[in-house]
Amino acid sequence: MEGATVRVSPGQTIRKVVAGTMINAYDGRLNLNIDRIDLMLGKKNTDHPAISAWVEKTAELCQPDQVFWCSGSEAEKQSLTDLAVRQGTLSPLDRKKWPGCYLHRSNPNDVARVEELTFICTASQEEAGPTNHWAPPAEMYDKLHRLAHGAMKGRTMYVVPYLMGPPGSPLTKVGIELTDSVYVVLSMRVMARVGAVAYEHLGQRNDFNRGLHCMLDIHPERRFIAHFPQDNAIISVGSNYGGNVLLGKKCLALRIGSYLGRREGWMAEHMLILGVEDPQGEKTYIAAAFPSACGKTNFAMLIPPKHFEGWKVWTVGDDIAWMKPGADGRLFAINPEAGYFGVVPGTNFRSNPNAMLSMQKDTIFTNVAATAGGDIWWEGKDEEPPEGLLDWQGRPWTKGEKAAHPNSRFCAPMTNNPALDRETDNPNGVPISGIIFGGRRATTMPLAFQAFNWIHGVYVGATMGSEMTAAAVGTVGQVRRDPMAMLPFCGYNLGDYFGHWLKMRKNLQKPPKIFQVNWFRKSASGEFLWPGFGENMRILKWIVDRCRGRVGADETPLGWMPDPSDIDLGGLDYEKSKLAEAFKIDVEDWKKEVLAQDELFIKLHSDLPMELHFQRELLISRL
Ligand code: GTP
Ligand code: SPV
Ligand code: MN
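A few points on the structure.

### Section: the coordination of the manganese ion (ligand 3)
- Within the first shell, the manganese ion (ligand 3) binds the protein through Lys250 (NZ), His270 (NE2) and Asp319 (OD), at distances of 2.1 to 2.5 Å.
- Because the angles between the six donor atoms bound to the manganese ion (ligand 3) fall within 63 to 171°, the donor set is best described as irregular.
- The sequence pattern formed by the donor residues of the manganese ion (ligand 3) is K-x19-H-x48-D. Pair noted here: Lys250 is in helix H8 (residues 248-264) and His270 is in the loop between strand S11 (267-269) and strand S12 (272-277), with a separation of 20 residues, a long-range link. Per residue, the accessibility class of Lys250 equals that of His270, and both read buried.

### Things to note about the packing of helix H11 (residues 454-462) against helix H16 (residues 610-622)
- Viewed as axis vectors pointing N to C, H11 and H16 meet at an angle of 85°, and their least axial separation amounts to 10 Å. Relative to H16, the element H11 lies roughly perpendicular. Taking contact as the criterion, the partners of Ile455, His456, Val458, Tyr459 and Ala462 in H11 are, on H16, Glu611, Leu612, Gln615, Arg616, Leu619 and Arg622.
- In the contact of H11 with H16, the residues fall into six nonpolar, two polar and three charged.

### Quick look at H11
- Among the nine residues that make up H11, eight are buried, leaving the element largely enclosed by the rest of the structure.
- Inspection of H11 places Trp454, His456, Gly457, Val458, Tyr459, Val460, Gly461 and Ala462 among the buried residues, and these make up the whole buried set.
- Lining the buried residues of H11 we find strand S23 (430-438), strand S24 (448-450), helix H12 (494-504), strand S27 (513-517), helix H15 (587-603) and H16.
- At the N-terminal end of H11, a side-chain oxygen is found 3.2 Å from the backbone nitrogen of Ile455, two or three residues along, and the residue is Asn453.

### A closer look at the site of ligand 1
- The full set close to ligand 1 counts 21 residues, and Ala293, Lys296, Thr297, Asn298 and Arg409 are the nearest of them.
- Asn298 has a polar side-chain atom sitting 2.8 Å from an oxygen atom of ligand 1.
- Here ligand 1 has 660 Å² of accessible area as a free molecule, and 90% of this is covered by the chains.
- Mapped onto the shell around ligand 1, the elements with two or more residues apiece are helix H9 (296-300) and strand S17 (339-343).
- In terms of residue count, H9 provides more of the shell around ligand 1 than any other element does, three residues in total.
- The residue makeup of the shell around ligand 1, split by class, is ten nonpolar, seven polar and four charged.
- Two domains share the shell around ligand 1, each providing at least three of its residues, namely domain 3 (269-336 + 422-622) and domain 4 (340-416).

Rules behind the numbers
Residues numbered from 1 in each chain as written. Chains lettered and ligands numbered in written order. Predicted model: local features only at pLDDT ≥ 70, side-chain atom pairs only at ≥ 80, totals over all residues. Heavy atoms only, no water. Donors = N, O, S within 2.8 Å, 3.2 Å for Na, K, Ca; no water. Tetrahedral: all angles 85-135°; square planar, octahedral: opposite > 155°, others 65-115°. Helix = DSSP H or I, 4+ residues; strand = E, 2+ residues; numbered from the N terminus. Buried < 20%, exposed > 50% of the residue type's maximum accessible area, 1.4 Å probe, protein only. Axes fitted to C-alpha atoms, helices over the stretch in contact; angles between N-to-C directions. Parallel < 35°, antiparallel > 145°, perpendicular 65-115°, else oblique. Contact = heavy atoms within 4.5 Å. Nonpolar A, V, L, I, M, F, W, Y, C, P; charged D, E, K, R; others polar. Polar contact = N/O pair within 3.5 Å; in protein donor to acceptor, adjacent residues only side chain to side chain. Near = heavy atom within 4 Å. Areas by Shrake-Rupley, 256 points an atom, 1.4 Å probe, with all protein chains shown as cover. Domains from an automatic or database assignment.

Following this line, the structure appears as structure tokens:
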């Protein structure tokens, strides 16, 4: 009976009530809502020896008042949500407008990922490479164990067993997160598959990710997000913000994942996955890597313009892809997540209707603006701000000030998305025909081109640059190299990571075609040259047609480029001259670009595969 939700039919008598039972679900009447009772709420729900031992050891270290084992049940969700509301961690929103939705306000010093405080603690610094912060594992364990010592006194330690990936997939991984944050538990329930499925997938094996999260006093001086790849372990302290603390996401699925992927022959990438269905019903799957806050969620949920009748885009994932060569020589991808942790500002029914529908119910909002009555608002929402708006910190809002934080987020189950692809739960994943790299570049980078081949594509991804965004603490707007959008997320030496990409080609008889896009190029007067969002379908169609060998392209120094007449502009009110500007290759700009790329190449010099040096020489000679 341990671990199960016990169902009792109306009229049946409950003889024994185990301690911890959620008695407050009893509504005092005879027609008791039986489904909402979890008789084992919070009780230990596995006897897996390694899990039991590790939880016990960690409890000795953190000294919580109690250990709460999560089962993933509905009763548990109800009970923890009520607790979060009583604690003030969550505020319920207007039930009619936002059913099942809550607002969370972060500590104002804790609103984004902190790359400066993120560490890859491999045995040698060489293994972590020059782009990661590194500390010797023993030293970091020691420091963090001191901080965690007694850190949960007076608090509850939640044990969250979770799966990254669909049950039964060979790519799927098991993680256990120990946390003293109810917000984290409730968010993990949305972002991952939580509960007995994780124990079932693990069976008797011990290769689960060990994640420990302690909030401490949420102070930047005591904030560290540390990864121990050879131990498959993560310790995160001093934060309660998304990417720092939802350990399945960036920490396991990307940093530890990329490390494991190299060892085990697969790839963990910061990529959305979408399926493009054409009017004949034929589907083409595409994966795309754009840096944080550069359009993955929007692209993954794209709705084609009216002109593209019969075309439909389906979402598999909006942030992370795990990919492995299949027996037939194609590359197959799964989305390890079960929800979206998406950027809120700028999202509306014109830019991204599917995101709006995804966050309509059962969603946790973080750092948006709200009214006392439980309505919410953000910059770029469809309607004008409501009366009595409080900003993301809960202070009365005055026009002209920021209402929502620029990195405010929605955390919504993917099953809310009307365009969720029906293959999302397929344990074998979906076959990827094309890979797109895209940065946020006001200049230089054309709207779209295709790499000449896989090696050239790896070079294109490796040299990607992008303007920094509010998704991480830092200087917004500054261009930095962000190879494959993985700079903050690669769990080992980037030079070796490029080598892994090159090596993957050997197991792919039908490798995906590789493309580069830039939705963010601007005119001299500072306006976007391309309308973006749903209109990106016009570029996506060219990409699909290239993958299927249905359309030609022109050879340029950068790669294969569409003939402007091959981009279908039907039904779009758009000046053709802008398209030429968006596709322009300015040789002087490109000479500067190649120099700027050097910065990273010099940093990585000794670890950089020779192929990439050759690609650089070839590009220079073509220019
Ligand atoms: P993370 O969740 O941080 O990984 O971000 P993401 O890559 O999923 O980015 P998202 O789709 O949330 O978009 C981030 C920002 O880029 C939003 O403010 C969007 O409005 C804007 N954006 C997305 N797509 C486009 C586009 O095609 N054109 C323009 N101009 N802006 C876009
Ligand atoms: C990103 O920054 O790429 C995100 C948000 O997807 S976070 O989960 O905070 O990493
Ligand atoms: Mn992301």
